[in-house]
Amino acid sequence: MPAESSSPSDRVTAWHSWVAALSVYRHPRVLGMLFLGFSAGLPFLLLFSTLSFWMSEAGVSVTTIGLFSWVGITFSIKVFWAPVVDRLPVPLFTTLLGKRRGWMLLAQIAIAGGLLGISQSDPLLELEVIVYFALLVAFASATQDIAIDAYRIEAVEQSLQGAMSGTYQVGYRIGLLVAGAGALYIAELVSWPVAYITMAVFVGVGMVTVLIIREPEVSQDQATLLREAALLDPIENLGIRDGLLHRIVAWFSSAVVSPLVDFFARNGKFALIILAFVGLYRLSDITLGVMANPFYNEIGFSKIDIANIAKVYGVIATLVGALLGGILVVRIGLLKSLLIGALMVALTNLVFALLAVVGPDLTMLTVAISADNISGGLAGSVFIAYLSSLTNTAYTATQYALFSSLFTLPGKIVAGGSGYMVEAAGYVNFFFYASALGIPAILLVLYLMYHERQKPVADLKP
């Protein structure tokens, strides 16, 4: 017999459940993450692809532009000062706003100041000055990321974390859109200095948000306190029991050592494989991204072409890819989704090699941007889900900073030499090279899948 169709009451109940699910986006702190996400996304392109376009247009060599990408290593080593942001107060700021909001506002002030400094500098004549201001913006932006991640985790209960992440991602992409297409439009219609002054003004969105939201209330669970106390026992046995030295050692143990000990205790030697995978998964697309805007400029596309297709349309394609990644995780699981993401990133990089052969064709540019951004969005969405699965909620902020720092570090180091590769071998060979950099990630995903399949067998062994 055919299955009965759903009754009207069932359909009404299902509709009400959808409405109830969507209502989480009306939560004040969930809405606040939209604007904090914008504040986090705004500085990123202003330091890399947008600034590299300005430098390329000003006559700075592609080798220098490639080396300039090393400024981004700041984002990859933020784990070194994440425990400071996590545990130490900022004089006056913390007193007035609280620990998380205080660090956010201090970082935003530094970001705005650095962007204003860049706006008043000439890329060709004052490159060293721009480097210093870019380092300030990068350091402050990475610090803001740490504080926002901690706030996101602490501000609401677990059931709202998905909504918090969703609004954060939307805000972040809007920030990228403003810093990418928005800055290019302003630079084309007015000038580059005015573009960067305008971006500094937009940092005010995050500042106002910080002043409106409330500081989260948090407390450590008993298990965490006991674990941290156990790590202090060897130090106590050495006779370091009180005074300034004791407080420094105790803080370092709880803020820095405990999160690392926890991760390796849960994963054993396999933790090294996980860390290698985290560092290599985005190597391919990070390397390609550094040379994308100089490539568009040199091949003959205008700033308006790039703004319309690579920035506006590209952001939409990235969001589509991110949504596809979320669906894949639900439908086929995390590891298979990671494999699909790694394959797509490596293969779609080859489309740029075809674009380099074809030349400045807008249809081909659209195809390349579609392939690259959909695959990047998909891989990024799946990868964030994987990084989140690695963390212990007792140390989420510091451990997440470790993983988010590590996954960009190899890419930034390798990308620094991308200009040399372009000058030595040309863009076509460079894109083949960028694609090949995705092979280690593919192999490591396959090994992770193999390791996961062996777990039930291993558990049966005495």
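### Considerations on helix α16 (residues 283–299)
The periodicity of an α-helix, 3.6 residues per turn, causes residues three or four places apart in sequence to face the same way. Under the 1.5 Å per step criterion, the end-to-end length of α16 is 24 Å for 17 residues, consistent within 8% with the ideal 24 Å. Where α16 bends most, the angle comes to about 40°, and this point is A292, followed within four residues by the proline P294. Counting buried residues in α16 gives 14 out of 17 residues, a clear majority hidden from the surface. Note on α16: the residue one or two positions beyond its end, G300, has a positive phi of about 120°.

### Some words on the nonpolar core
Core analysis: the biggest nonpolar cluster contains 90 residues, and L115 and Y296 have the highest contact counts within it. Among the elements that line this core, the one with the most residues is helix α9 (residues 127–155), at 11 residues. Once residues lying within four places of it in the same chain are set aside, the contact partners of L115 are L46, V137, Y196, M199, A200 and V203. Core analysis: the second largest hydrophobic core is formed by 33 residues, L339, L378, Y400 and L448 among them.

### Points about the pattern of salt bridges
Going through the model one piece at a time under the given rule, you end up with 3 salt bridges. Of the charged contacts in the structure, one is a salt bridge between R152 and D149, with a shortest N-O distance of 3.3 Å. Note that R152 and D149 are positioned in helix α9 at a spacing of 3 residues, about one turn of the helix. Neither R152 nor D149 differs from the other in exposure class; each is buried.

### Concerning the confidence of the model for the protein chain
Scored by pLDDT, the protein chain has a mean of 82; 85% of the residues are at 70 or more. Of all the helices and strands in the protein chain, helix α1 (residues 8–22) carries the lowest mean pLDDT, 50, while helix α12 (residues 204–212) carries the highest, 96. Residue range residues 14–19 is modelled with pLDDT below 50. Its contacts to residues more than four positions away, or to other chains, number 0 contacts. A low-confidence stretch, residues 457–462 (pLDDT under 50), is modelled with 0 contacts involving residues beyond four sequence positions or located in other chains.

### A closer look at a nonpolar patch on the surface
A cluster of nonpolar residues, V312, I316, V320 and L324, forms a patch on the protein surface that exposes about 290 Å² of accessible area. Within the secondary structure, L324 is located in helix α17 (residues 303–332).

### Some remarks on the packing of aromatic side chains
The full count for this structure, using the stated rule, is 24 aromatic pairs. Relative to Y172, the ring of Y168 has its centre 6.0 Å away and its plane inclined at 40°; by these criteria the two rings are tilted. Here Y172 and Y168 lie together in helix α10 (residues 161–189), a separation of 4 residues that amounts to about one turn. A centroid spacing of 6.2 Å and a plane angle of 35° characterise the contact between Y447 and Y450, whose relative ring orientation is tilted. Here Y450 and Y447 lie together in helix α23 (residues 439–460), a separation of 3 residues that amounts to about one turn.

### Brief notes about the side chain of T287
Among the structural elements, T287 can be located in helix α16. Overall, T287 belongs to the buried group, its relative accessible area being 0%. At a separation of 2.8 Å, a polar atom in the side chain of T287 contacts the main-chain carbonyl oxygen of L283. Beyond its immediate chain neighbours, meaning those up to four positions away, T287 contacts G411, V414, A415, S418, F430, Y433 and L437.

### Some words on unusual backbone geometry
The phi angle at L92 is positive, at roughly 70°, despite the residue not being glycine. The residue L92 is located in the loop between α6 (82–87) and α7 (93–97) in this model.

Each value, and the rule that gives it
Residues numbered from 1 in each chain as written. Predicted model: local features only at pLDDT ≥ 70, side-chain atom pairs only at ≥ 80, totals over all residues. Heavy atoms only, no water. Helix = DSSP H or I, 4+ residues; strand = E, 2+ residues; numbered from the N terminus. Expected span 1.5 Å × (residues − 1). Bend = angle between axes of the 7 residues up to and from the residue. Buried < 20%, exposed > 50% of the residue type's maximum accessible area, 1.4 Å probe, protein only. Core = buried A, V, L, I, M, F, W, Y, C linked by side-chain atoms within 4.5 Å. Contact = heavy atoms within 4.5 Å. Salt bridge = Lys/Arg side-chain N within 4 Å of Asp/Glu carboxyl O. pLDDT = per-residue confidence, 0-100. Patch = residues over 30% accessible without salt bridge, like charges linked within 9 Å, V, L, I, M, F, W, Y side chains within 5 Å. Areas by Shrake-Rupley, 256 points an atom, 1.4 Å probe, with all protein chains shown as cover. Phe/Tyr/Trp six-rings, centres within 6.5 Å; stacked < 30°, edge-to-face > 60°. Polar contact = N/O pair within 3.5 Å; in protein donor to acceptor, adjacent residues only side chain to side chain.

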